[in-house]
Amino acid sequence: MSEKKNITDDHHHQHDHAHSHLPSDPELRVKAVETLLLNKGLIDSKTLDELIDTYENRIGPKNGAKVVAKAWVDPEYKKRLLNDATSAIRELSYQGRQGENMVVVENTPETHNVIVCTLCSCYPWPVLGIPPTWYKSDEYRSRTVREPRKVLLEFGLPLDPKVQIKVWDSTAEIRYLVLPMRPKGTENMNENELAELVTRNSMIGTGLPKEIK
Amino acid sequence: MSRLHDMGGRFGDGLIPLPRDAENEVTNFEPTFKYKWHAKAWAITLAAGALGEWNLDISRHYRECLPPKDYINFSYYEKWLAALTNLLIDKELISLNELKEYVFAAEKGTLRKFSDKDVKLDQRTWLAKDVQKTLGWGGPSIRDTNVSPVFNIGDKVITQNYSPNKDISGGHTRLPKYAMGRVGVIHSYNNNHVFPDKNAHGLGENPLPLYTVEFKSSELWGELAESQNDSILLDLWEPYLKLFPN
């Protein structure tokens, strides 16, 4: 070996893998660990309930939709959003965990943006909530950086070959939100009506806002 | 050299598992947590993390360090739970004997949760009344340091090859394998952030400049690139990069 320090990453080699002692049924596995932590007073069941309720009922893509709709109707807000997304999003009281450093990327007729995290499942929680299963899947993580056009086609989104795709692989501490283009024919709609058109997928770049009929 | 979690660009994965309605059309809707145990695995991971015995980079690295066979076979929240279990043991919050005892009881159907009055909450335990405050706070990774960025916007840079973590073989890093040894252009500088390659191993925060670097699709995938126009942007810390001679 060279002089390079060769500390191996061996925190799991010092003992056998503790997780291998868990039951094969994942439901029982969670139950065992949860009960142990509760009985030791290391977690509180009311905290678990509060966390789950928050992300099931209060924090989700509706937040992001409000940000997008505001940017569509208010050019000054849009400017602030593209310039300093974290602060602009905080104006709507969305902030905190997994949204500490936000960047908003704008779709235009020339450029389409798509967000992925190839290393894990990084996702802007304050504006989109907990990521959907497909976002966390091996298929989405492995393929989106190499063949984004094929992936988007599976989402029902064929892109013109002339449109440039930018794939943002959010593997560090920045979390991304796509600002989709405002659908045609929505000139008379107000902010709340517009927010209804903004889908979760349109803010990840794997979809478009709903068309008006 | 990398681990299984580092799967960007890999071949062999099939169709994206999209939720579909009764007519087999792709839908936008999916419940936040498909099963109650998903929600529980997620919530106990957050609550145990709040005890302050490890940082987010350490917990990420524990998931990455699951044995390859388990990493492949486990579903998403099974990975979370396995990594959490290993962390709880390594940080001595629970013992292996306690774990075995609870697993045994769970399998026998004799698991018993103590009543609240019989449990003494640990001083570090995250209380429900503090949840919103702590979530709203988050875990900012920007640090106010006097480190100035070496690179300028527009600079051509080449990424490290092989093993970006210089302290630990097989250690945590955020430079994906598919972008190692590739040439890109500095798109923006995003302040100085805690450096996960050290922080994931308890070696200190060592905040360093974080850049967004743009790579041409053809630089990463050669002739396989779907379009010469497309690009991939990655957030990379300064030590992953070297100036590329023009």
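This text follows the structure it describes.
The following paragraphs examine the structure supplied in this document. (Residues numbered from 1 in each chain as written. Chains lettered and ligands numbered in written order. Predicted model: local features only at pLDDT ≥ 70, side-chain atom pairs only at ≥ 80, totals over all residues.)

1. A few points about the nonpolar core
In plain terms, the rule: Each nonpolar core comprises buried Ala, Val, Leu, Ile, Met, Phe, Trp, Tyr and Cys residues, the members being joined through C-beta atoms within 7 Å. Remark: C-beta atoms are placed from the backbone, and a residue is labelled buried if 20 or more other C-beta atoms sit within 10 Å of its own, exposed if 12 or fewer do, or partly exposed between those counts. Strands here are runs of E lasting at least two residues and helices are runs of H or I lasting at least four, both read from the DSSP assignment and numbered beginning at the N terminus. The contact criterion used here is simple: two residues whose C-beta atoms, placed from the backbone, lie within 7 Å are in contact.
Counting 71 residues, the largest nonpolar core has A:Val68, A:Ala85, A:Leu177, B:Val213 and B:Leu236 as its most contacted members. Counting residues per element, this core draws most heavily on helix H3 (residues 61–73) of chain A, at six residues. If we ignore the near neighbours within four places in the chain, the residues touching A:Leu177 are A:Gly64, A:Ala85, A:Met102, A:Val104, A:Pro124, A:Val127 and A:Met203. The next biggest cluster of nonpolar side chains, apart from the first, holds 44 residues, and it includes A:Val33, B:Trp37, B:Ala48 and B:Leu66.

2. Looking at the environment of B:Leu4
Residues and elements named next belong to chain B. Topologically, Leu4 is positioned in the segment before helix H1 (36–49). Note on Leu4: 15 C-beta atoms within 10 Å, which makes it partly exposed. Spatially, the C-alpha atoms of Leu4 and Lys69 are 9.5 Å apart, while their sequence positions differ by 65 residues. In contact with Leu4, not counting residues within four places along its chain, are Pro68, Tyr71 and Ile72.

3. So, the packing of H1(B) against helix H4 (residues 76–90) of chain B
Residue and element names in this part refer to chain B. What counts is decided by this rule: Here an axis means a line fitted to C-alpha atoms, over the contact stretch when the element is a helix, while the angle between two N-to-C directions is reported on a 0 to 180 degree scale. When the near helix sits turned anticlockwise from the far one by under a right angle, the crossing is termed left-handed; a clockwise turn instead gives a right-handed crossing. Residues were grouped as follows: Ala, Val, Leu, Ile, Met, Phe, Trp, Tyr, Cys and Pro as nonpolar; Asp, Glu, Lys and Arg as charged; and all remaining residues, including Gly, as polar.
Across the interface, H1 lies against H4 with an axial gap of 9 Å and an inter-helix angle of 35°. As H1 packs across H4, the resulting crossing turns out to be left-handed. Together, His38, Ala41, Trp42, Ile44, Thr45 and Ala48 of H1 and Tyr77, Trp80, Leu81, Leu84 and Leu88 of H4 make up the contact between the two elements. Of the residues that constitute the contact of H1 with H4, the class distribution is nine nonpolar, two polar and no charged.

4. Some remarks on the sheet that holds strand S1 (residues 156–159) of chain B
Just so we agree on the cut-off: Two strands make a pair as long as DSSP finds a minimum of two bridges between them.
One open sheet accounts for seven strands, arranged S3(A)-S4(A)-S5(B)-S4(B)-S3(B)-S1(B)-S6(B); its pairing is mixed. Each having just a single partner strand, strand S3 (111–116) of chain A together with strand S6 (241–243) of chain B make up the two edges of the open sheet. Between one strand and the next, the sheet's axes are offset by a mean angle of 35°, whatever the strand orientation. Where strand S3 (residues 183–193) of chain B meets strand S4 (residues 208–216) of chain B, six bridges bridge the pair, whose relative direction is antiparallel. Within S4(B), the position partnered with B:Asn192 by the bridge is B:Pro209.

5. What to know about H4(B)
Using the following cut-off: Multiplying 1.5 Å by the helix residue count minus one yields the expected span of that helix.
Look at H4(B): 22 Å from first C-alpha to last across 15 residues, which is about the 21 Å you get at 1.5 Å a residue. With 12 of 15 residues buried, H4(B) lies mostly within the body of the structure. Buried within H4(B) we find B:Tyr77, B:Glu78, B:Lys79, B:Trp80, B:Leu81, B:Ala82, B:Ala83, B:Leu84, B:Thr85, B:Asn86, B:Leu87 and B:Leu88. Buried residues along H4(B) sit against helix H1 (26–39) of chain A together with H1, helix H2 (56–64), helix H3 (68–73) and helix H5 (96–108) of chain B. Directly beyond the C-terminal end of H4(B), a positive phi value near 60° is found at B:Glu92.

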